[in-house]
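These are the residues of each chain, in order.
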Amino acid sequence: MNTLPSLSRRGFLRSSGVLLALPALESSPRLFGAPGPEAAPKRFVAIQTTQGIMPHLFFPKNAGAQYTPSPYLEILAPLRDRFTVFSGMSHPNVDGGHTNEVSFLTGAPHPASAGFRNRVSVDQIIAEKHGQQTRFPYLATIPATGQGRTMSFNRSGVGLPPAGDAAQLYRKLFINGTPAEVDAEIRGLAEGRSLLDQLRDRVRRLEKTVTASDRDTLDRYFTSIRELEAQLLQSEAWLRKPKPRPSVSTPPDIGGHGEFLKRLRALLDVIRLALETDSTRVVTVFFEPLGILREVEGVQTETHALTHHGNRPEMIAELRRIEEAQFRILLQFLDGLRKTPEGGKALLDHTAVLYGTCMGNANGHSNQNWPLLLAGGGFRHGQHLAFDTTNNEPIGRLFASVLDWFGMSAAEIPGGNRTLTGLERV
Amino acid sequence: MKTLPVLWFAPFLLAGTLLRADIPSFFGQYCTSCHGADEPKAGLNLSALGEPSQSAEAYRQWVKIHDRIASGEMPPKAKRQPSETERTNTLAAMARSLVDHDRQRQRAQGRVPMRRLNRTEYEHTVRDLFALPHLQVREFLPADGRMDGFEKTSEVLDMSPAQIRQYMEVADRILDAAIATHDKPPTARHRYRMLGSYDHFGRTVFPLRNGRVDLGWLRELNDRPVDGKMLETELPKAEALGLMTQSRIGFTAMVYTSPASFPGNYRIQTRLFSFRPGANGELLPEPRGQYCELTLGDRFIAFLDAPSLQPTPHEIVTWLNPNDTIQLNPTSLWPNYFHILHPSTPAMAAHFKWGNPSHPFHYRGPIVAVESIDVEGPLFDQWPPESHRRLFGSLSFGPAKPAKGQKPLRQFRNLPRWTVSTANLESDLPSVVRSFLDRAFRRPVSPGELEAHLELARKHLTAGEPLEEALRAVYRTALCSPDFLFLHEPASIVRHTGTNEPSLVVDDLAVASRLSYLLWNSAPDDALLQQAKAGQLQPEELRRQAVRMLQDPKSSRFINDFVDQWLGLRDIDFTTPDVALYPEFRSDLRHSMIAETREFFRTLLTEDLSVRNFVDSDFLCVNERLAEHYEIPGVQGSAFRKVAKPAGSPRGGFFTQGSILKITANGTVTSPVKRGAWVLDRLLGTPPRPPPPNTPAVEPDVRGATTIRKQLELHRSSPSCASCHDSIDPPGFALESFDVIGRWRSHYRFRGLRYGDPEQRRGRDPSLAWFPGIPPSQWADMVPSIRLGAPVDSSGTTPDGEDFDDIRDYKRLLLQHEEAMARAFVQRLVLYATGAPVRFGDRAQVDAILQSARARQFGVQTLLMELIASPLFRQK
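The notes below deal with the structure included here. (Residues numbered from 1 in each chain as written. Chains lettered and ligands numbered in written order. Predicted model: local features only at pLDDT ≥ 70, side-chain atom pairs only at ≥ 80, totals over all residues. Heavy atoms only, no water.)

**Structural notes on the pattern of salt bridges**
Residue and element names in this part refer to chain B. Put simply, the test is: Salt bridge, as applied in this entry: a Lys or Arg side-chain nitrogen positioned within 4 Å of an Asp or Glu carboxyl oxygen. Every helix listed is a DSSP run of H or I at least four residues long, and every strand listed is a run of E at least two residues long, numbered separately from the N terminus. For every residue, the accessible area (1.4 Å probe, protein chains only) is compared with the maximum for its type, and the residue is labelled buried under 20%, exposed over 50%, or partly exposed between those bounds.
Throughout the structure, instances matching the rule amount to 90 salt bridges over all chains. Two residues, Arg839 and Asp102, come together in a salt bridge whose shortest N-O distance is 2.9 Å. Linking Arg839 in the loop between helix 28 (818-834) and helix 29 (843-854) with Asp102 in helix 3 (residues 84-109), this pair joins segments that are 737 residues apart in sequence. By relative accessible area, which is 7% here, Asp102 ends up buried. Notably, a salt bridge pairs Arg625 with Asp588, separated by 3.4 Å at the nearest N-O pair. With Arg625 in helix 20 (residues 624-629) and Asp588 in helix 19 (residues 587-606), this pair connects stretches of sequence that are 37 residues apart. One exposure class covers both Arg625 and Asp588, and it is buried.

**Description of the nonpolar core**
All names here are of chain B. The cut-off we apply is this: Each nonpolar core is a collection of buried residues, namely Ala, Val, Leu, Ile, Met, Phe, Trp, Tyr and Cys, held together in the definition by side-chain atoms within 4.5 Å. Contacts between residues were defined by any pair of non-hydrogen atoms, one from each residue, lying within 4.5 Å.
Leu519, Phe558, Phe601, Phe614 and Phe655 are the most contacted members of the largest nonpolar core, which totals 110 residues. At 9 residues, the largest contribution of residues to this core is made by helix 28. Excluding its chain neighbours within four sequence positions, the residues that come into contact with Phe655 are Phe614, Val615, Ile660, Leu661, Trp678, Val679, Leu683, Leu735, Ile807, Tyr810, Lys811 and Leu814.

**Comments concerning helix 18 (residues 556-567) of chain B**
Residue and element names in this part refer to chain B. Stated precisely, the cut-off is as follows: A helix is expected to reach a length of 1.5 Å times the quantity of its residues less one.
Taking 1.5 Å of rise per residue, 12 residues should cover 16 Å, and helix 18 covers 16 Å from first to last C-alpha, within 8% of that figure. Most of helix 18 is tucked away, with 10 of its 12 residues classed as buried. Turning to helix 18, its buried residues number three or more, namely Arg557, Phe558, Ile559, Asp561, Phe562, Val563, Asp564, Gln565, Trp566 and Leu567. Looking one or two places after helix 18, you find Gly568, whose phi comes out positive at around 85°.

**Regarding the pairing of strand 4 (residues 240-243) of chain B**
All names here are of chain B. Going by this rule: By definition, two strands form a pair when at least two bridges between them are found by DSSP.
Across the two faces of strand 4 the burial is the same, with Ala240 and Gly242 and Leu241 and Leu243 all buried. The pairing of strand 3 (residues 205-208) with strand 4 spans 4 bridges and is classified as antiparallel. Considered in strand 4, the bridge of Leu208 is made with Ala240. The pairing of strand 4 with strand 11 (residues 367-379) spans 3 bridges and is antiparallel. Its bridge partner being in strand 11, Gly242 is matched across the sheet by Ala369.

**Thoughts on the pairing of strand 1 (residues 43-49) of chain A**
Residue and element names in this part refer to chain A. For strand 1, the tally of buried residues reaches 7 of 7 residues, placing the bulk of the element in the interior. Neither face of strand 1 is exposed, since Arg43, Val45, Ile47 and Thr49 on one face and Phe44, Ala46 and Gln48 on the opposite face are all buried. Note that strand 1 and strand 8 (residues 351-356) share 6 bridges and pair parallel. In the sheet register, Gln48 faces strand 8, and the bridge partner there is Gly356. Across 6 bridges, the pairing between strand 1 and strand 5 (residues 282-287) is parallel. Across the sheet, Phe44 pairs through a bridge with Val282, a residue of strand 5.

**What about the packing of helix 2 (residues 56-70) of chain B against helix 3 of chain B?**
Residues and elements named next belong to chain B. As a reminder, the rule being used: Working convention: axes come from line fits to C-alpha atoms, limited for helices to the stretch in contact. Angles between N-to-C directions cover 0 to 180 degrees. Note that the term roughly parallel is reserved for angles under 35 degrees, roughly antiparallel for angles over 145, roughly perpendicular for angles of 65 to 115, and oblique for everything else. The crossing is said to be left-handed when, going from far helix to near helix, the turn is anticlockwise and less than a right angle, and right-handed when the turn is clockwise. As a working rule, the residues Ala, Val, Leu, Ile, Met, Phe, Trp, Tyr, Cys and Pro are called nonpolar, Asp, Glu, Lys and Arg charged, and the rest polar, with Gly in that last group.
Following both chains from N to C, one finds helix 2 and helix 3 inclined at 150°, their axes separated by 10 Å at the closest point. As summarised for this structure, helix 2 and helix 3 are arranged roughly antiparallel, according to the angle between their axes. Taken as a pair, helix 2 and helix 3 cross one another with a handedness that is left-handed. Contacts between helix 2 and helix 3 involve Tyr59, Trp62, Val63, Ile65, His66, Ile69 and Ala70 from the former and Arg87, Leu91, Met94, Ala95, Leu98, His101 and Asp102 from the latter. Its residues assigned to classes, the contact of helix 2 with helix 3 shows 10 nonpolar, 2 polar and 2 charged.

What follows is the structure, given as structure tokens:
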């Protein structure tokens, strides 16, 4: 195993006042072969489908390990023992219909109100602690190239922009730049840091002339500069390392305009590669299944119109096809993770995958009983955990269980003060 | 809706604390039985409430308590009521204390924390700064937060590392666009004749010759396989190209080559007309007004009218980027309804084959014809362009001559590199940099600041960078600097001339920025800056400047931005109506709806019309498309104009406009609750409280089996629901007469035979009059598919117990709340204009503004001007 001369770099960084947890990449066996059993890191993937999931086809009738699968869960039957389905859960006071999608991972209440401020999302909490170990602390993704749609939010409640489609992501993760490109990027980073130096001086000058509350504003600006500097330094450290070689050597076929399911599939493939190569450990996928009627046989109506089916059986039948297509893609993704060996187990055992939607019933924009399931990770699965459908259990508790697996607390998420009863670790 | 008693005019003493006055005893008698320590109702425990100065939350609670007692809402009617004197005295004590708290706060730190430019302001600022009116950078900045729908308040305009990173990237983009790096590019002229791709030729688009549809030629074209070669030989023979949307859903009438080789201004000229083809290909008149939508890249530019049989020239000068495409979509034409019903079946494929009614050879419906599209450019008044001069002044500009040891310049295009140079670095450098910084920072830069920037430039020069790169580094820093990104408002204590009250007041340069960001979303121009530097911006001068600035075309930015945020128009694309049920809704209607609301507000502003017009007006601002939509006869052309509202029309005011009706519906069904909440919130300033948790959602039933009114029955029968819904539902019921796209309806629409309903044709036929110009074969498909069901019942009762039959009745009742609407409007203006919402201590000034405008029936312009001239506008 090679070891790169890491002491000089560590020395440099420490002396510049920034302590980074340098990745164990130099000595990581990931680039060169399968890791040993103690080395497998934990990952978190959250997938949100924004147009709802019809509850009468999703929720199983009875609870426990012997539950009778619903039609949608029947699709996931080959992996029955690898996931848990939940009912009777929602984020308390997240009551904005479609706008709930921004509170999916944050639990911030009343997203539709005029003065809404979001909170930090659970993926960012994990990325803060574990993100420094990987080239990408997190990946927020969206299969279509929509502007600004995200469910990842930082501590200031600011949405984090998505990372590009599957092809762009593949490039970012696995295609090394030419030496000239890398040099140019490093120069760019250096220029960036020197600009930040200038800005810091500007702020210090300005601070002397403003009121106390204005100083708070400038202080936030100053803090942002410092954080950005740290990020640029980290990027620079990663720039000099070669990118990993994934098990799939050609970029995925991402599909054309209007092929949303194809794009989703391609994106999930790249995400699996990203997890396999430890390029990241935190991923979110924001999927909006609009405009996919051309891709699904038997569908002739726009998705959103179908979700407001008003109980018309023909429309329910069409919507069912769309939702079933998504579950098949989910099965494919989970199965891919299951088939990837890692440290004597499977990648799926080290990856907690959350799949769900932010409304109980999209037909009426109901805010209770959100369809949710959790697959993988170090949990005992194969059951239906049913909570009270009138007085819902907070989803924050589920996040607390996931964060607990990561060795972290979920006190910042509403409802996250304790873990979920019935979800055990293995 | 009761009006709040005007207590804050009560004389102010230096207040004692709230807890020292009669207030605890008042609470003890009338409040703490519910709001005490044992079971604090709604989470409010009065015995544990601190002073307003203790925390923002405590302050908010005190304001709420004051307002609820003042409106009579508390104590609840069923409980023991205080006497009038007790109520008045307690409220006065609370008011004194809250006002005093606010004043102290204002004196110490101002009511407006320092705020950064939002991304709309940023974009307009750089467009003006660099004289690049079509520069697009907004999309590269993260979305801003919102308060009350507005993106203008400090509290929601945050800063993060991601934000700064974007500013750095955007600064580079701006400088790339602004700096000239080669000699003046040659101006070229191209004529484009083809729209769509070559395989559309003769099928979706078809040529006209000899003043007719040459049927023989058309037949010949269809017998040959289509390829590029055929296009080359045949297209030049055409006089014009006929467009029909009938052939392909989603067909884009686009010029497939990007006309612009360099970014710059281009002149686009075209000639359009419309017709109906006769049986022998002759051109017959087209009775309905047709037009094309000109789109560049993905920006909607304008409607271009295509009058019947009259080739009409259009000319537009606008910016094009190298990848921008030109589209001339004939959106006034009806889409092919058959295609909507059968998007991907063998029946559809057969439908467009030769011999079928949708093929140009047989089609007899309306056609829009394009004679040609000429593009000339890039056009530059001067070279290097103005954007370059803003950065480099009059530094020499010519072929780059790299000096020994100098680092190479970045190459942007495959052209000989030109760059700036100077023989007098020592004098030119400071002059050029100062000129830019003064403009960018919106105030004269101090010698120290200038020196810091010059040092940066010298550092780069010494390191061997060329002059252009050294200056770029300086400008990049300036564009990311807090002096540029934030509205810096140096303030000092000033005593008000009337009352001698001290408050923290911003300097003239800051007031100038406030005024220009209010009316132009951008930095002050030279004339305004001049007055500011000379210390001349007294209230009267501010008014004069405001009048001047409102007359400038840049004031459209205020009109568009304020209306969008105030009324929530950004949600216009949130849902897409079911195209099979509402084929009337196409992008032309969508653009017209937005334009109408903006035009209407512009008229209210320019003519200083009363806020009463928010509810009802005797005029409308429409174009032909909207007039058709609103069933108003006699309007022709796509331009907007003011027309008198026909007698008996339900239109007029904001909330009967298509845009508002659409954003308060969801594409399939309307919701009285959503519409009612909009009226309460956006017009009256009293947003309803959110529903209690665990409220089950209403599942709309679009089979026509039940109406929304029946489904909302609980709102009336349950007292806890009724407490809010008695106010929310009535406006919503009145507006049930309008469907999801704002069309008037007497019966609900639902989908018919589409899914092979075994029952034949439930409901009633739609009316042909709603679909003017639809070809008969299409109409035959629509009748079984668009059905009319249950009748609409738009009656209701207001919370004051007054009945109404429909929207016309309801408007009369709503007009009684004129003052409440004026107040809500001014509150939003304050938020938009100053960057902070109205606090308790600001209410006196809001009242003063309203008082000054009372004689003008609360005219919109008067209200705006009074705000600008008020002390509130100058307060930090």
